[in-house]
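The primary structure of each chain is shown beneath.
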Amino acid sequence: MDEFNYYSAILQNNTFSGLFVGQNIVSLRQVDSTNTYLKNLLSKGEPLAEGTVIMAEEQFAGRGQVNNTWVSEPGMNLTFSILLCPSFLLPENQFQLNLAVSLAINDALTPIIGRDLKIKWPNDIYVKNQKLGGVLIENIVQGTSWKYAIVGIGINVNQVNFPAGITNVTSLKKILHQDYDLQNVLKEICDKVSIRYQQLKSDRSSLMAEYVTNLYKLNTPSRFRIGNKEVEGVITGVTEQGFLRLKIADEENTYGFKELSYIIP
Ligand code: BTN
């Protein structure tokens, strides 16, 4: 199937199914960052349907959480951004979208990887102690209304060699020793994001319990760095606002994303 027919087939299959994410896909050979590209289109007032996906074969300035870069070998992995308009949520409920997107990736990849796949709070995708993917959500808020969320997703698919400085990293191919079709994996993730986003609109309460069940290191004694101290603690859950619940020597406290880091074994 050529590129045009492939995308129009997706469009026809999904028109009535509610699987709106990825009906409109902009596929780029090379870009700085798909998140930045999408943000620029929006700032120019480009009319874009909710669920539009910008994907790139190569990002030369891919961005990760906390000002990190996201490095991905050209043509080997998925690097894409989804446009969502979560105006039904208040901006202070941002973490709810994190829950939905993390669970969607978990739904899409668990049939491939199995139960070793976990969500490392807040939204990294881990297999055992290695990172398979990550999510960078950037928000555009107008007044009190949450206008756009740019949901950037990077999943390591067929890359097997990673730069020396990048540790604790894996890919589908490294784990399962076979190549995966990027378009198929993309479609699985997009479909699951459509479904979890619908759940976010209609029945938000059940997302949190599912998210917590799938957390990396849940109820398992683990080491963390808090400030300049190393501690052992047990993750017991997450608050509605997205703070991690951690029990250290029988005392439970909550921590924000920048307050704590995992010490990966
Ligand atoms: C992280 O784990 O630090 C988040 C990584 C997010 C990477 C994706 S790749 C597609 C999109 N464009 C970017 O520049 N970043 C996100």
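See the structure above.
Note that the structure is a prediction, hence the values are computed from the model and not measured. (Residues numbered from 1 in each chain as written. Predicted model: local features only at pLDDT ≥ 70, side-chain atom pairs only at ≥ 80, totals over all residues. Heavy atoms only, no water.)

## Thoughts on the packing of aromatic side chains
Within a pair of aromatic rings, the relevant descriptors are the distance that separates the centres and the angle that separates the planes. Here is the rule we go by: Planes of paired rings set the category: under 30 degrees apart is stacked, over 60 is edge-to-face and the rest tilted, where pairs are Phe, Tyr or Trp rings (Trp by its six-membered ring) whose centres lie within 6.5 Å. A run of H or I in DSSP counts as a helix once it spans at least four residues, and a run of E counts as a strand once it spans at least two, with each numbered from the N terminus. For the exposure calls, accessible area comes from a 1.4 Å probe over protein chains only, and a residue counts as buried if that area is under 20% of its type's maximum, exposed if over 50%, partly exposed in between. Note on geometry: a ring has a charge over it if NZ (lysine) or CZ (arginine) is within 6 Å of the ring centre and within 35 degrees of the ring normal.
Using the criterion set out here, one finds 7 aromatic pairs in the structure. Here phenylalanine 20 and tyrosine 197 contribute two aromatic rings whose centre-to-centre distance is 5.7 Å and whose plane-to-plane angle is 45°, an arrangement assigned as tilted. One end of the pair, phenylalanine 20, is in the loop between helix 1 (3–14) and strand 1 (25–31); the other, tyrosine 197, is in helix 5 (residues 182–202), and 177 residues separate them in sequence. Tyrosine 197 sits in the buried class, given a relative accessible area of 2%. Relative to phenylalanine 257, the ring of tryptophan 121 lies with its centre 6.2 Å away and its plane at 75°, an arrangement referred to as edge-to-face. Linking tryptophan 121 in the loop between strand 4 (117–120) and strand 5 (124–127) with phenylalanine 257 in the loop between strand 11 (251–255) and strand 12 (260–263), this pair joins segments that are 136 residues apart in sequence. A residue is classified by how much of its surface remains accessible, and tryptophan 121, at 3% relative accessible area, is buried. Connected via pairs of aromatic rings, a cluster forms that spans Tyr126, Tyr216, Phe224 and Tyr262. The ring of tyrosine 262 carries lysine 120 above its face, with NZ or CZ at 4.4 Å from the centroid.

## Some remarks on the pattern of salt bridges
Keep this limit in mind: For salt bridges, the criterion is a side-chain nitrogen of Lys or Arg within 4 Å of an Asp or Glu carboxyl oxygen.
A full pass over the atoms with the stated rule returns 15 salt bridges. Across the pair arginine 29 and glutamate 58 runs a salt bridge, and its minimum N-O distance is 3.3 Å. Of this pair, arginine 29 sits in strand 1 while glutamate 58 sits in strand 2 (residues 53–59), and the two are 29 residues apart along the sequence. Relative accessible area serves as the criterion here: at 48%, arginine 29 is assigned to the partly exposed category. A single network of salt bridges, built from pairs that share partners, joins Arg29, Glu57 and Glu58.

## Remarks on the environment of arginine 196
Operational definition: Residues adjacent in sequence count toward polar contacts only when both atoms are side-chain atoms; beyond that, a polar contact is any pair of N or O atoms within 3.5 Å, and within protein one must be able to donate a hydrogen and the other to accept it.
Structurally, arginine 196 is set in helix 5. Note: C-alpha distance between arginine 196 and leucine 207 (11 residues apart in sequence) is 8.4 Å. A distance of 2.6 Å separates the side chain of arginine 196 from the side chain of aspartate 107, its partner in a polar contact.

## Concerning the state of the cysteines
Applied cut-off: Only a pair of cysteine sulfur atoms within 2.5 Å counts as a disulfide in this structure description.
On inspection of all chains with the given rule, the structure shows 0 disulfides. With no disulfide of its own, cysteine 85 has cysteine 190 as its nearest cysteine by sulfur position, at a separation of 15 Å. Look at cysteine 85 and you get partly exposed, because its relative accessible area is 23%. Since its relative accessible area comes to 3%, cysteine 190 is described here as buried.

## Here we look at the sheet that holds strand 11
Our working definition: The rule for pairing is simple: two strands pair if DSSP sees at least two bridges between them. Every axis corresponds to a line fitted to the C-alpha atoms, with the helix fit spanning only the stretch in contact, and the corresponding angles, defined between N-to-C directions, vary from 0 to 180 degrees.
Within the open sheet, the 5 strands sit side by side as 11-10-9-8-12. Their pairing is antiparallel. Looking at which strands have only one partner, the edges of the open sheet turn out to be strand 11 and strand 12. The average undirected angle you get between the axes of adjacent strands in this sheet is 50°. In this sheet, strand 10 (residues 244–248) lies alongside strand 9 (residues 229–238) in antiparallel orientation, the contact comprising 4 bridges. For valine 238, the partnering residue across the bridge sits in strand 10 and is leucine 244.

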